[in-house]
Each structure stands twice: as C-alpha cells, then as structure tokens.
Amino acid sequence: MTSTNYMAPIDFNSWPRKQHFELFQHFSQPYFNVCVQLDMKTLYRRCKAKQISFFQAYIYATLKACHEYKPIMLRIIEDKPWLLETVRASVVELADNDSFRFSYFSSKLNFADFINHANEISREAKEQPLFSEAFMQTEGQADLIHISVLPWLNFTSFSHAFSEGKSLGIPKFVFGQYDKHTGCMPLAVDVHHSLMDGLHVAQFINILQNKLNTFTDIQ
C-alpha cells in the first residue's frame, strides 16, 4: 500500500485533464516515449574543471527540474491523480561484477550535500544484493522517478520492459552516451499519458535543459 503522507489529491472533477485521464487510464500500455538530445557541454566542462561527478550533477539537476514542474510530480493512486510534494530518484548503477543495483537518491538543498548523500547511498547499494532491504522498502512507492544510464550507447530510440496491470504513473528517464564532439547526450523520457501529453514533456525538457545550462546557480 502506497503511503499518501507526502502527496495531495487532485480535485478530479474540476481538473482540466479529467477526461484525458479517463481516456488513457485503462490502456494496456499507457506510457509514451520521447527521445531528445540534451546539450550537456556546459555542464560537462564545469564538472571536469571542478573535478566533480558529471553523473551526479545531471541526476541532481533532474531532481531539481522535477520539483519545479508539477505535471512530472503527478501520480495515480487508487485510480485517481495525486500531486507529490517531493520526489526521489531510483537510479540504476553497476556493481563491481557488472550487475545492476538500485540507488535511491533524495533531492538536497545544494550539490555539496547531494554529493555526500549520493556517494554513501551508491556505496551501500553496490555492497548489497539486488533485493536489498532498501529495495524491499522503496520499490513500489509513488514518490520515485526511475533513472537508467547507458553511457556506452548514443541511442535514438528506447523501450522499457513493462508488466501488465495498474501503474502509479512513475516517469522513466534513460540517459545515454555523452558525445564529446557535439556536446550532446540522448535522453529517453517515458511518461503516463493519463498524466502528461507531449507538450508537458517538452516543457519539462526546457526546465531540465535550463538546469543543466545554469548548474552553478542551482541551490
């Protein structure tokens, strides 16, 4: 059972997306995917100059962007839309044996605090089996975004494994390989069509791109 202590219900009857929500709610595959190219050269150069983690920087920026855009914070609880107050990132990372683990990162007020937090969470996750205590306590909660990273591939399309049944409407992000020649990186975004349309994805990408461009100004 998902806790609702960190979210608030949407006034469904007055919500402009009421009929759109009802239209897509029972689709067998209600998610749609958009792949874009992010301009990452400014962030990459700043990270290299300051000797900080490029990976941690764009995860931090993604969490910040999510907190600034309400549609990406919408979830589906008991067949109705709810709005999150905060969101965490479930991030796929590789352990030493090349099998993946889930690291659960919370947003922090500043990047220095996020670095310390992420380093500790990553270390602990990689030392545990996939079905760790953190996994059992966290997966299935609504206050997540799912993030994967494929630094080996400069992809132009992407599809996820998915199971039939009800969905919480959690957004999924996949970051690809950084191209040092163009300064670009592919990003695949999957969102639930009951909660968002293509316009909303475009608006979110604009916010994220701004966060990446002005990384030193993020607080």
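The following paragraphs examine the structure supplied in this document. Here the structure is a predicted model, which means the values were calculated and not measured.

Calculation criteria
- Residues numbered from 1 in each chain as written.
- Predicted model: local features only at pLDDT ≥ 70, side-chain atom pairs only at ≥ 80, totals over all residues.
- Heavy atoms only, no water.
- Buried < 20%, exposed > 50% of the residue type's maximum accessible area, 1.4 Å probe, protein only.
- Helix = DSSP H or I, 4+ residues; strand = E, 2+ residues; numbered from the N terminus.
- Arc of directions from axis to C-beta.
- Contact = heavy atoms within 4.5 Å.
- Pairing = 2+ DSSP bridges.
- Axes fitted to C-alpha atoms, helices over the stretch in contact; angles between N-to-C directions.
- Parallel < 35°, antiparallel > 145°, perpendicular 65-115°, else oblique.
- Left-handed = near helix turned anticlockwise from the far one by under 90°.
- Nonpolar A, V, L, I, M, F, W, Y, C, P; charged D, E, K, R; others polar.
- Disulfide = S-S within 2.5 Å.
- Patch = residues over 30% accessible without salt bridge, like charges linked within 9 Å, V, L, I, M, F, W, Y side chains within 5 Å.
- Areas by Shrake-Rupley, 256 points an atom, 1.4 Å probe, with all protein chains shown as cover.
- Salt bridge = Lys/Arg side-chain N within 4 Å of Asp/Glu carboxyl O.

Looking at helix 2 (residues 41-50)
- Residues of helix 2 that are buried: Leu43, Tyr44 and Cys47. Across the axial projection of helix 2, the buried residues extend over an arc of 100 degrees, all falling on one side. Looking at helix 2, the residues exposed on the side facing more than 90 degrees away from the buried face are Arg45 and Ala49.
- On its buried face, helix 2 is in contact with helix 3 (54-67) and helix 6 (198-213).
- One or two positions beyond helix 2, positive phi appears at Gln51, with a value near 55 degrees.

Re the environment of Leu109
- Within the secondary structure, Leu109 is located in the loop between strand 6 (100-106) and helix 4 (111-127).
- A relative accessible area of 69% means that Leu109 is categorised as exposed.
- The sequence separation of Leu109 and Lys64 amounts to 45 residues, and the corresponding C-alpha distance is 9.3 Å.

Regarding the pairing of strand 3 (residues 74-77)
- Going residue by residue along strand 3, you find Leu74 and Ile76 tucked away on one face and Arg75 and Ile77 tucked away on the opposite face as well.
- Pairing of strand 3 with strand 4 (residues 80-84) involves four bridges; the strand directions are antiparallel. For Ile77, the partnering residue across the bridge sits in strand 4 and is Lys80.

A closer look at the packing of helix 3 against helix 6
- Orientation of helix 3 relative to helix 6, taken along the N-to-C sense of each, is 135 degrees, at an axis distance of 9 Å. For the element pair helix 3 / helix 6, the angle class is oblique. Here helix 3 runs over helix 6; the crossing is right-handed. Residues Tyr58, Ala61, Thr62, Lys64, Ala65 and Cys66 of helix 3 form the contact with helix 6, whose own contacting residues are Phe204, Ile207, Leu208, Lys211 and Leu212.
- Looking at side-chain class alone, the contact of helix 3 with helix 6 contains eight nonpolar, one polar and two charged residues.

Some details on the state of the cysteines
- Enumeration over the complete set of coordinates arrives at zero disulfides.
- Looking at the unpaired Cys184, the closest cysteine sulfur is the one in Cys35, lying at 14 Å.

Focus: a nonpolar patch on the surface
- A surface patch of nonpolar side chains, amounting to about 410 Å² of accessible area, comprises Leu94, Phe100, Trp152 and Leu153.
- Residue placement: Trp152 occurs in the loop between strand 7 (144-149) and strand 8 (172-175).
- Using a relative accessible area of 53% as the deciding quantity, one classes Trp152 as exposed.

Taken by themselves, the reported measurements are silent on function.
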